[in-house]
Amino acid sequence: MKDLPTQLAAELSGHQGPVRAVRFNKNGNYCLTCGSDKTVKLWNPHRQLLIKSYAGHGMEVLDADASHDNNRIASAGADKIVQLVDVGTGQVVRKIRGHLARVNCVKFNEESTMLLSGSYDATVKAWDLRSRATEPVQVMDEAKDSVPSLQLSRHEILTGSVDSCIRRYDIRMGLVLVDNVKQPVTCVSFSRDGHCVLASTLDNKLLLLDKDNGDLLNSYEGHVSSSYKLDSCVSHTDAYVVSGSEDGRICFWDLVEGNHVHQLQHFSHKEKSSKKIASGEGGAVVYSLSYHPRHPCLLSVGAQGTVKVWKGPEWNNEDDDDET
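Residues numbered from 1 in each chain as written. Predicted model: local features only at pLDDT ≥ 70, side-chain atom pairs only at ≥ 80, totals over all residues. Heavy atoms only, no water.

### Details of the overall build of the chain
Across its full length, the chain carries 2 helices and 28 strands. What you see for the chain is a C-alpha radius of gyration of 18 Å, in line with the 20 Å of a compact globule of 324 residues. On the principal axes, the C-alpha backbone points of the chain span a range of 50 × 45 × 45 Å. Classification of the 324 residues of the chain by burial places 58% in the buried group. Summed over its atoms, the accessible surface of the chain is roughly 13,600 Å², and 48% of this surface lies on carbon and sulfur atoms. For the chain, the distance from the average position of its 36 positive side-chain charges to the average position of its 42 negative side-chain charges is 7 Å. (Helix = DSSP H or I, 4+ residues; strand = E, 2+ residues; numbered from the N terminus. Rg over C-alpha atoms; globule rule 2.2 N^0.38 Å. Buried < 20%, exposed > 50% of the residue type's maximum accessible area, 1.4 Å probe, protein only. Areas by Shrake-Rupley, 256 points an atom, 1.4 Å probe, with all protein chains shown as cover. Lys, Arg positive; Asp, Glu negative; His and termini not counted. Charge placed at Lys NZ, Arg CZ, Asp CG, Glu CD.)

And the structure:
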């Protein structure tokens, strides 16, 4: 288990109410969280340090992403707004009002010149950050229902929709490739090597697809995923598949063999029995996960407002001290 995060290393407190998303930055030194208290927070999770809190949304914040140069933070809200803030000053530098319903997800491209947002209004929109234009440069409206998740590679846009379809937009070829998996899709991601797509569906399953031809390579079961959007991802080595669960667990599977190999309890027995968790919206749901890009380190968040940091037994915080 040396290559899995098996130990609770830290708990980060600062949010009031459920935390909807947690995201490592590109190199894994920092992370962002956002939630029902209408804020986005920047942390150094390895030093258990809250660096800054960013406001500006009028309703809960559902997703956040850091630009690859770490200078800006984009956030998506239930107020239908995509917000861009300056990391250093904390000032809101742009508010994009282009969706007709809540914005579920947001991502920068690699150069941080474009921003993509997916919405409950069934569209994905691309915004040119080099321009002050109020209209998107592209609208992807092929989805027939909410788009809760999107990911980017250098030349591809990957989206998952409640209409049961995974769509991959090949920017170079100008093609849209569609795989219908027959169940609402709530999360999509690329494997680290870029050859596969991992998708979460609302029938208590995870699906691993060949990115190029859409063939089903593997499926994973054992967690509870039937009512909420839950994050899933692959480990830093592509060896394991990881997902949150609606019963408070974080589940790990061997990517190739498909067998369940490990689990963590995000909520302690005390937290599960507390009135706040038992009666609150979402209960003991583990909403979001983020896996470190190079090390066995995992961040998890849920309904109780605490960020939990999980690390492998041989983790050394000095690994990240010299990187920016």
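And the narrative resumes.
### Focus: the environment of Gly248
Relative to the helices and strands, Gly248 is located in the loop between strand S23 (240–244) and strand S24 (249–254). Placed 38 residues apart in sequence, Gly248 and Val286 show a C-alpha to C-alpha distance of 5.7 Å.

### Observations regarding the sheet that holds strand S3 (residues 31–35)
Here we have 4 strands laid out as an open sheet, ordered S2-S3-S4-S5, and antiparallel in their pairing. With partners counted over all chains shown, the strands left at the sheet margins are strand S2 (19–24) and strand S5 (49–54), one partner each. Neighbour-to-neighbour, the strand axes of the sheet open up by a mean angle of 20°, direction not taken into account. When S3 meets strand S4 (residues 40–44), the two strands line up antiparallel, connected through 4 bridges. Paired with Leu32 across the two strands is Leu42, which belongs to S4. (Pairing = 2+ DSSP bridges. Axes fitted to C-alpha atoms, helices over the stretch in contact; angles between N-to-C directions.)

### Looking at the sheet that holds strand S10 (residues 103–108)
Pairing within the open sheet is antiparallel, and its 4 strands lie in the order S10-S11-S12-S13. A strand with exactly one partner marks an edge of an open sheet, and here the two such strands are S10 and strand S13 (138–140). The mean angle between the axes of side-by-side strands here comes to 20°, regardless of whether they run parallel or antiparallel. Relative to strand S12 (residues 124–128), strand S11 (residues 114–119) runs antiparallel, the two being bridged by 5 bridges. Paired with Met114 across the bridge in S12 is Asp128.

### Describing the pairing of strand S17 (residues 175–180)
Across 6 bridges, strand S16 (residues 165–170) lies against S17 in antiparallel orientation. For Arg167, the partnering residue across the bridge sits in S17 and is Val178. Linking S16 to S17, which pair antiparallel, is a turn of 4 residues; within it Gly174 sits at a positive phi near 70°.

### Describing the state of the cysteines
Joining two cysteines, a disulfide is a covalent bond between their sulfur atoms. Counted by the stated rule, this structure contains 0 disulfides. Counting only cysteine sulfurs, Cys233 is the nearest neighbor of Cys187, a cysteine outside any disulfide, at a range of 8.0 Å. (Disulfide = S-S within 2.5 Å.)

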